[in-house]
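Letter by letter, the chains look like this.
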Amino acid sequence: MGKAIGFLEVQGYSVAMAAMDKACKAADITIEGIDCNNPLLGDRAPIPVVIQVKFSGKIDDVKAALEVAHQAAAQLIDEKDVQTHLISSAADGLEKLLPIGKVTKK
């Protein structure tokens, strides 16, 4: 059985880091990758970057992390700008795609 995968997407890098700090403390998860994109409004957006954090773990841990991350981010930005998604049983090989993004480890 594959690991569960969680996605948190928010406006602002600092919001993503603060939310994931709490999520990592609340659940046994591994951050697999971080990506960034321009928001729909581009430079006119209040925060001109959308951050997506991709993480994995056991399904109960990923669910808990998503809840904590969503609550933490919603305290910092408008809740409509916080998106989460869960893949409860990822297909074999999908984990290879998770680290792909504009933000890389050095």
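The preceding data block contains the structure.
As the structure is a prediction and not an experimental result, all values here were calculated from the model.

A word on the overall build of the protein chain
Within the protein chain, the regular secondary structure consists of 2 helices and 4 strands. If you list the helices and strands of the protein chain from N to C, you get β-α-β-β-α-β. Looking at the protein chain residue by residue over its 106 residues, the buried ones come to 36%. Excluding contacts between residues fewer than 6 apart, the proportion of contacts in the protein chain whose partners are at least 24 apart in sequence is 71%. When the accessible surface of the protein chain is summed, it comes to about 6,500 Å², and 53% of that surface belongs to carbon and sulfur atoms.

Some details on the nonpolar core
In this structure, Leu8, Val10, Met20, Ile29, Val53 and Phe55 are the most contacted members of the largest nonpolar core, which totals 23 residues. Of all the secondary-structure elements, those providing two or more residues to this core are strand E1 (4–11), helix H1 (13–26), strand E2 (29–37), strand E3 (50–57) and helix H2 (59–74). With 6 residues, H2 is the largest single contributor of residues to this core. With sequence-adjacent residues up to four places away left out, valine 53 is seen in contact with Gly6, Phe7, Leu8, Ala16, Met20, Ile31, Gly33 and Ile34.

Definitions and limits used
- Residues numbered from 1 in each chain as written.
- Predicted model: local features only at pLDDT ≥ 70, side-chain atom pairs only at ≥ 80, totals over all residues.
- Heavy atoms only, no water.
- Helix = DSSP H or I, 4+ residues; strand = E, 2+ residues; numbered from the N terminus.
- Buried < 20%, exposed > 50% of the residue type's maximum accessible area, 1.4 Å probe, protein only.
- Contact = heavy atoms within 4.5 Å.
- Areas by Shrake-Rupley, 256 points an atom, 1.4 Å probe, with all protein chains shown as cover.
- Core = buried A, V, L, I, M, F, W, Y, C linked by side-chain atoms within 4.5 Å.

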